[in-house]
Amino acid sequence: MNTDVIQYDVDEAVAHIVLDDPRQAANTMNDQFAPSLAKAVDRLAADVASGAVRGVLVRSAKRTFLAGGDLNELIAATADDAQAFFDRCQETKSLLRRLETIGVPVVAAINGAALGGGLELALAAHHRIAAEGRYDIGLPEVSLGLLPGGGGITRVVRMLGLQSALTKVLLNGARLRPEAARGVGLVDEIVPADKLVDCALVWLRDQAEDEVAATQPWDRPGYRLPGGAPSSPKIAGILPSFPATLRKQLKGAPIKAPRSILSAAVEGALVDFDTASRIETRYFVDLVVGQQSTNMIKALFFDLASINSGGSRPEGIPASSIEKVAVIGAGMMGAGIAYVAAKAGLLVVLKDRDLAAAERGKAYSASLVAKQVERGRLTAEKADALLGRIQPTDAYEDLSGADFVVEAVFESAELKHSVFAEIEKVVAPTALLGSNTSTLPITGLATAVTRPEDFIGIHFFSPVEKMPLVEIVVGDKTSDVAIARALDFALLIRKTPIVVNDSRGFFTSRVMSTFINEGLSMVSEGVAPWTIERATTQAGFPAPVLQLADELNLDLLANVRAESVAAAEAAGIAWTPHPADGVVDTLLGAQRPGKLGEAGFYEYVDGRRGDLWPGLAERFPVDKAQPPLEDLRDRLTFIMTMEAVACLEEGVLRTVADANVGSIFGIGFPAHLGGALQAVAGYEGSDGQVGAQAFVDRARALAERYGDRFAPSDFLLEAAASGRAFA
Ligand code: NAD
């Protein structure tokens, strides 16, 4: 059925093109968008020709302006759809081109979020006025493996010049508040929201006699690209550095979208508008039908949306309210947790062994807000109010009445047991009892309290104020109400919560340790350490694996192993040593535990990382024959996926979304693979094979060469054969 999602009206010689989808709360570029825009532009052309219209106002009747394309459609696109996508894209763009060359001035009144396609429509206007407010304007397509294919690259490059367009808008996919968008040059004016339409009408009236106002700068005679054309000596001189800089930023990871954006921008800057626009469409379609955008849209849009809308929250439990949070332990983690809770408006009591330690914990918040005040991001009043909500203490009595507990004392089961016994005596009798332990099983910790149903793991990542993930760990006796309350807390403090069942290392630490161990195994095999480091970043991880092992500390790895060995023995299970163990033991034997001890795989001077430790090559001589880089890259991602699959099979993971989002946000799994489980269905082999079967084949090849840990399990084989592996 055809529905007009755009209304067209003429009032006092001004045509109003009004975005107003009657079927949805927000305007999107769905299948009705182009036909509706075509109708509106046809009527507009006739009205301009007859002289009935002297200006055009593009505005929205919803709270937001216009969102981008329909991601359901984009994620499903395959190579077979390429031509259809190309044609549709070109058709929509020809409508935008007609609008900007219609012959009368066009103004866009941006009243709310204008991201992706929404901004691209506004860019086809001759003037953009945005309402004051806390909403986003930008072209964030790159973050989903796409590019702005609705004229965004072509127009932003012509508005701002190559360098600004690339670095400030296109490659970082920045979501800008209206003021920042004006600073960059994406909008022309900011006005109070209630004056938006009036101001737009005034602008149109003021341009009435001005023919130039009805044209885009790039359609005027003598137009020059701001900052210089690619052929100008200035730009030609720096042009070769663009791909090099990009490569450096991506650390060699095979992420397609930024490369395509760079190509479309530079190639488009060499040719006329219509050709540039067609080049942009070609790169866009290539990304749309490719695998990386599918992976990224799945994990970073659909999986994330499901989590943030409470997809992992048990059903039928009313929303909980939280007022006073008790944070026990004001060390690195406790200090960060106190900050994020106070920032969300909660009262926080921050307890440590002595007052000085508790105050040091609070001082961390003070240093964070001071920086924000200095940069003008926070007012002094708000900073004071935030700090006023944190009460440092050394007395358990001060936790009285707290309805939510997050314990973050040293990682010792014995200590945590005794601390919880004290906590229970003073907090509200129904308070949720959360522990930030990173390794201790929750079911075991819960034996220390009288209400194990209220006991839960709330595992933050360091640094707390920056890392978006929280891993909520469900013990054997944890109730659904406790899960719901922990989720409500996580969302309140603006974190992304995943929910996993209890297991040694839970989900994130367990998967992360397979990755570290794999990197360390390579050292024992005689792979050149620099090659291992490069393979990690080329696979798309944010940091090289040996560097990460140093940051985690090898003592910690040895402790976790000792605990796992003890647990296996206690359970009567045979322990399988890992090839990485010898590397950990060798480094610890040489007193090289990592960054904290200023000696690890790397050398450190005044806390700063220097070169790789020369002694490493003596203990683990580099082999003459080095394995293919592709094997090293795949080993690092495959081993994590194997462990994630095992977590799903064992019921540690409850949903696929938790695995994908948790692995990307918590432990740096490459986003272009779509997360640890999407990496199966989204696998792209170097031979061009794509999908779960190709993943299984590759895993078998790795198992043959590097060990049984890569052999696909029956569970994985069944999932692959089902054709919908971990959808
Ligand atoms: P930390 O050593 O920086 O801080 C621990 C704090 O607990 C210290 O200030 C100490 O004085 C205090 N403390 C000890 N006994 C106490 C008691 N009886 N009462 C009150 N306070 C007491 O340690 P951290 O890195 O903040 O780790 C804390 C917890 O968080 C551990 O369980 C750890 O496993 C977990 N964790 C750490 C990280 C990380 O990256 N560091 C990440 C996730 C989870």
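Residues numbered from 1 in each chain as written. Predicted model: local features only at pLDDT ≥ 70, side-chain atom pairs only at ≥ 80, totals over all residues. Heavy atoms only, no water.

Named according to an unreviewed UniProt entry, the protein chain is 3-hydroxyacyl-CoA dehydrogenase originating from Nocardioides marmoriginsengisoli. Its UniProt record gives the protein chain the following Catalytic activity (unreviewed entry) comment, quoted word for word: "a (3S)-3-hydroxyacyl-CoA + NAD(+) = a 3-oxoacyl-CoA + NADH + H(+)". (UniProt positions renumbered as here; feature names shortened; annotations may be inferred.)

*Asks:* How do you make sense of the overall build of the protein chain when you look at a structure like this?
*Replies:* Looking only at helices and strands, the protein chain has 30 helices and 19 strands in total. The C-alpha atoms of the protein chain give a radius of gyration of 28 Å, which matches the 27 Å a tight globule of 727 residues would have. In terms of overall dimensions, the protein chain has C-alpha extents of about 90 × 65 × 55 Å along its principal axes. With 727 residues in all, the protein chain has 56% of them scored as buried. Within the protein chain, contacts between residues at least 6 apart in sequence are counted, and of these 72% link residues at least 24 apart. With the model as given, the accessible surface of the protein chain reaches about 30800 Å², and the carbon-plus-sulfur share is 53%. Between the mean site of the 70 positive side-chain charges and the mean site of the 91 negative ones, the protein chain shows a separation of 4 Å. (Helix = DSSP H or I, 4+ residues; strand = E, 2+ residues; numbered from the N terminus. Rg over C-alpha atoms; globule rule 2.2 N^0.38 Å. Buried < 20%, exposed > 50% of the residue type's maximum accessible area, 1.4 Å probe, protein only. Contact = heavy atoms within 4.5 Å. Areas by Shrake-Rupley, 256 points an atom, 1.4 Å probe, with all protein chains shown as cover. Lys, Arg positive; Asp, Glu negative; His and termini not counted. Charge placed at Lys NZ, Arg CZ, Asp CG, Glu CD.)

*Asks:* Could you clarify how one ought to interpret the site of the ligand in this entry?
*Replies:* Around the ligand, the structure places 22 residues, and the nearest of them are M333, D352, E411, K416 and S438. Interatomic distance of 2.6 Å between a side-chain N/O atom of D352 and an oxygen atom of the ligand. Take K416: an N or O atom from its side chain is 2.6 Å from an oxygen atom of the ligand. Considering the ligand on its own, with 830 Å² of exposed area, one finds that the protein chains cover 79% of that surface. For the shell around the ligand, the secondary structure elements donating two or more residues are α14 (332–343), α17 (413–426) and β15 (455–460). The leading source of residues in the shell around the ligand is α17, at three residues. (Near = heavy atom within 4 Å. Polar contact = N/O pair within 3.5 Å; in protein donor to acceptor, adjacent residues only side chain to side chain.)

*Asks:* Teacher, can you tell me more about the pattern of salt bridges here?
*Replies:* If the charged atoms of two oppositely charged side chains come close together, the side chains can form a pair. Counted according to the given criterion, the structure contains 34 salt bridges. The partner of D488 in a salt bridge is R313, and the shortest N-O contact between them spans 2.9 Å. Placement of the pair is D488 in helix α19 (residues 480–492) and R313 in the loop between α13 (291–308) and β10 (324–328), with a sequence separation of 175 residues. Exposure remark for R313: the relative accessible area of 19% places this residue in the buried category. R635 serves as the salt-bridge partner of E518, at 2.8 Å between the closest nitrogen and oxygen. Of the two residues, E518 is situated in helix α20 (residues 508–525) and R635 in helix α26 (residues 629–649); the sequence distance between them amounts to 117 residues. R635 matches E518 in its accessibility class, with the two residues each being buried. Connected through shared salt-bridge partners, R97, E100, R155, D219 and D274 make up one network. (Salt bridge = Lys/Arg side-chain N within 4 Å of Asp/Glu carboxyl O.)

*Asks:* Help me out: how do you make sense of the domain arrangement of the protein chain in this one?
*Replies:* Reports often express the size of an interface as the amount of accessible area lost when the parts come together. Looking at the assigned domains, one finds that the protein chain contains domain 1 (2–289) and domain 2 (324–499). Summarising the inter-unit geometry, the C-alpha centres of domain 1 and domain 2 are found 44 Å apart. (Domains from an automatic or database assignment.)

*Asks:* Would you mind going over helix α16 (residues 380–388) with me for this structure?
*Replies:* Working note: α-helix, 3.6 residues per turn, so residues spaced by three or four point in the same direction. Among the residues making up α16, those that are buried are A383, L386 and L387. For α16, the angular spread of buried residues about the axis comes to 95°, placing them on one side. The exposed set on the far side of α16, more than 90 degrees from its buried face, consists of E381, K382, D384 and G388. (Arc of directions from axis to C-beta.)

*Asks:* How should I be thinking about the sheet that holds strand β13 (residues 404–407) in this particular structure?
*Replies:* Ordered in space as β12-β11-β10-β13-β14-β15-β16-β17, the eight strands form an open sheet in which the pairing is mixed. Among the strands making up the open sheet, the edge pair consists of β12 (390–393) and β17 (496–501). Neighbour to neighbour, the strand axes of the sheet diverge by 25° on average, direction disregarded. In the sheet, strand β14 (residues 432–435) pairs with β15 via three bridges, with the strands oriented parallel. If you follow G434 over to β15, its bridge partner there is I456. The sheet strands contacting α17 are β10, β13, β14 and β15, and the helix crosses β14 at an angle near 155°. (Pairing = 2+ DSSP bridges. Axes fitted to C-alpha atoms, helices over the stretch in contact; angles between N-to-C directions.)

*Asks:* How should I be thinking about the UniProt feature "domain: 3-hydroxyacyl-CoA dehydrogenase NAD binding" (unreviewed entry) in the protein chain in this particular structure?
*Replies:* This chain's UniProt record puts "domain: 3-hydroxyacyl-CoA dehydrogenase NAD binding" (unreviewed entry) on residues 324–502. Between the C-alpha atoms that bound residues 324–502 there is a distance of 27 Å. The span itself is 40% helix and 22% strand.

*Asks:* Is there a simple way to explain the layout of surface pockets in this structure?
*Replies:* Gaps left between atoms are located by rolling a probe of water-molecule size over the structure's atoms. Size it by volume and the second largest pocket reaches roughly 1300 Å³. For the second largest pocket, the lining is made up of 46 residues, of which A67, G68, G69, D70 and L71 are closest to its centre. Going through the elements one at a time, α1 (33–50), α2 (71–76), α3 (82–100), α4 (117–123) and α13 are the ones with two or more residues in the lining of the second largest pocket. Sorting elements by how many residues they give to the lining of the second largest pocket places α3 first, with seven residues. Counted by class, the lining of the second largest pocket contains 23 nonpolar, 13 polar and 10 charged residues. (1 Å grid on protein atoms, 1.4 Å probe; cavity = no way out; pocket = protein on both sides within 12 Å on 5 of 7 lines; lining within 4 Å. Points joined across faces, edges and corners; volume = space filled by probe spheres on them. Nonpolar A, V, L, I, M, F, W, Y, C, P; charged D, E, K, R; others polar.)

*Asks:* Got a minute to help me understand a positive patch on the surface in this structure?
*Replies:* Side chains of R134, K343, K382 and R494 sit close together on the surface and give a patch of like positive charge. One can find K343 in helix α14. (Patch = residues over 30% accessible without salt bridge, like charges linked within 9 Å, V, L, I, M, F, W, Y side chains within 5 Å.)

*Asks:* Just checking my understanding: could you explain the UniProt feature "domain: 3-hydroxyacyl-CoA dehydrogenase C-terminal" (unreviewed entry) in the protein chain for this structure?
*Replies:* Mapped onto the present numbering, the UniProt feature "domain: 3-hydroxyacyl-CoA dehydrogenase C-terminal" (unreviewed entry) falls at residues 505–604. Secondary structure content for residues 505–604 is 63% helix and 3% strand, and the end C-alpha separation is 29 Å.

*Asks:* So what exactly am I meant to see when it comes to the packing of aromatic side chains here?
*Replies:* Centre distance and the angle of the planes are the two values used to describe a pair of aromatic rings. Summed over all chains, the structure comprises 11 aromatic pairs. Ring centres of Y683 and F695 lie 5.9 Å apart, and the angle between their planes is 85°; this geometry places the pair in the edge-to-face category. One end of the pair, Y683, is in the loop between α28 (678–681) and α29 (692–706); the other, F695, is in helix α29, with 12 residues separating them in the sequence. Both residues of the pair, Y683 and F695, count as buried. Every member of this aromatic cluster is reached through a ring pair, and the members are F515, F541 and F669. A cation sits over an aromatic face here: R88 above F85, 5.6 Å from the ring centre. (Phe/Tyr/Trp six-rings, centres within 6.5 Å; stacked < 30°, edge-to-face > 60°. Lys NZ or Arg CZ within 6 Å of the ring centre and 35° of its normal.)

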